[in-house]
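# Working through the structure, step by step
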Amino acid sequence: ELTNCKITDDGLAALSTLTAMVELRLSWCKQLTDAGIEHLKPFEYLRVLELWQIGAAITDKTLFLVAENHRRVRTMNLEGSAITQKGLESVAARLPNLERIDINNCEHLSFAQCEKFPFTAGQLRDPNEKMPTSDWKGIMMSIIPEKEED
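Residues numbered from 1 in each chain as written. Predicted model: local features only at pLDDT ≥ 70, side-chain atom pairs only at ≥ 80, totals over all residues. Heavy atoms only, no water.

## With respect to the packing of aromatic side chains
Two descriptors summarise a pair of aromatic rings, namely the distance from one centre to the other and the angle between the planes of the rings. Applying the stated criterion across every chain, the model contains one aromatic pair. Between Trp 28 and Trp 52 the ring centres are 5.8 Å apart and the planes differ by 75°, which places this aromatic pair in the edge-to-face class. Of this pair, Trp 28 sits in the loop between strand 1 (23-25) and helix 2 (34-37) while Trp 52 is found in the loop between strand 2 (48-50) and helix 3 (60-69), placing the two residues 24 residues apart along the sequence. The exposure class assigned to Trp 28 is partly exposed, which follows from its relative accessible area of 35%. (Phe/Tyr/Trp six-rings, centres within 6.5 Å; stacked < 30°, edge-to-face > 60°. Helix = DSSP H or I, 4+ residues; strand = E, 2+ residues; numbered from the N terminus. Buried < 20%, exposed > 50% of the residue type's maximum accessible area, 1.4 Å probe, protein only.)

What follows is the structure, given as structure tokens:
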């Protein structure tokens, strides 16, 4: 777990030899970008990837990379990233084991866009609903509702 540290893209390159990595938590590591995530390609056993609150430096490019190289991923947290519907479509099509994805506070996504995804299987939760219990096993997508114009 490297949460809230000053690791850089070059630092991730140094981790690329740890190919048996199963969980990687890089949340709040604000110096990371999509380019750094490229160094995670060798992590073929990766099941948990947390990249929340890194910000606009994490985009669809990261989702395309994960969808292409990390088919075992079950949990992703991308809260606050700059991903779009196109990136989510890539994940939906290529990650058969995905159980949970958190996309809360992703400015380029709306609740309406995400309702259509096949991996939600009717289990998409509107952020205004009461949250499910901790034993809930479905896919969790936290989405900001569409903003009304003034």
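## With respect to the sheet that holds strand 4 (residues 100-102)
On the basis of which strands lie adjacent, the open sheet formed by four strands has the order 1-2-3-4 and parallel pairing. Each edge of the open sheet is held by one strand with a lone partner, namely strand 1 and strand 4. With direction set aside, neighbouring strand axes in the sheet form an average angle of 5°. With three bridges joining them, strand 2 and strand 3 (residues 75-77) adopt parallel strand pairing. (Pairing = 2+ DSSP bridges. Axes fitted to C-alpha atoms, helices over the stretch in contact; angles between N-to-C directions.)

## Considerations on the environment of Thr 33
With respect to the helices and strands, Thr 33 occurs in the loop between strand 1 and helix 2. With 24 residues separating them along the chain, Thr 33 and Ala 57 place their C-alpha atoms 4.7 Å apart. With sequence-adjacent residues up to four places away left out, Thr 33 is seen in contact with Asp 9, Ala 57 and Ile 58. (Contact = heavy atoms within 4.5 Å.)

## Digging into the side chain of Asp 34
Tracing the chain through its elements places Asp 34 in helix 2. The buried charged residue Asp 34 lacks any salt bridge, with Lys 61 as its nearest oppositely charged partner at 6.2 Å. (Lys, Arg positive; Asp, Glu negative; His and termini not counted. Salt bridge = Lys/Arg side-chain N within 4 Å of Asp/Glu carboxyl O.)

## Let's talk about the packing of helix 3 against helix 4 (residues 85-94)
The packing of two helices is summarised by the inter-axis angle and the distance between the axes. Across the interface, helix 3 lies against helix 4 with an axial gap of 8 Å and an inter-helix angle of 10°. When the axes of helix 3 and helix 4 are compared, the pair comes out roughly parallel. Residues Asp 60, Leu 63, Phe 64, Ala 67 and Glu 68 of helix 3 lie in contact with helix 4, whose contacting residues are Lys 86, Gly 87, Leu 88, Ser 90, Val 91 and Arg 94. For the contact of helix 3 with helix 4, the class distribution of residues is five nonpolar, two polar and four charged. (Parallel < 35°, antiparallel > 145°, perpendicular 65-115°, else oblique. Nonpolar A, V, L, I, M, F, W, Y, C, P; charged D, E, K, R; others polar.)

## Looking at the nonpolar core
Nonpolar side chains in soluble globular proteins generally cluster together in the buried interior. Among the nonpolar cores identified, the biggest contains 32 residues, and Met 76 and Ile 103 are the most heavily contacted of them. Elements supplying a minimum of two residues to this core: helix 1 (9-15), helix 3 and helix 4. The biggest single contributor to this core is helix 3, with three residues. If sequence neighbours within four positions are ignored, Met 76 has contacts with Leu 49, Leu 63, Val 66, Leu 95, Leu 98, Arg 100, Ile 101 and Asp 102. (Core = buried A, V, L, I, M, F, W, Y, C linked by side-chain atoms within 4.5 Å.)

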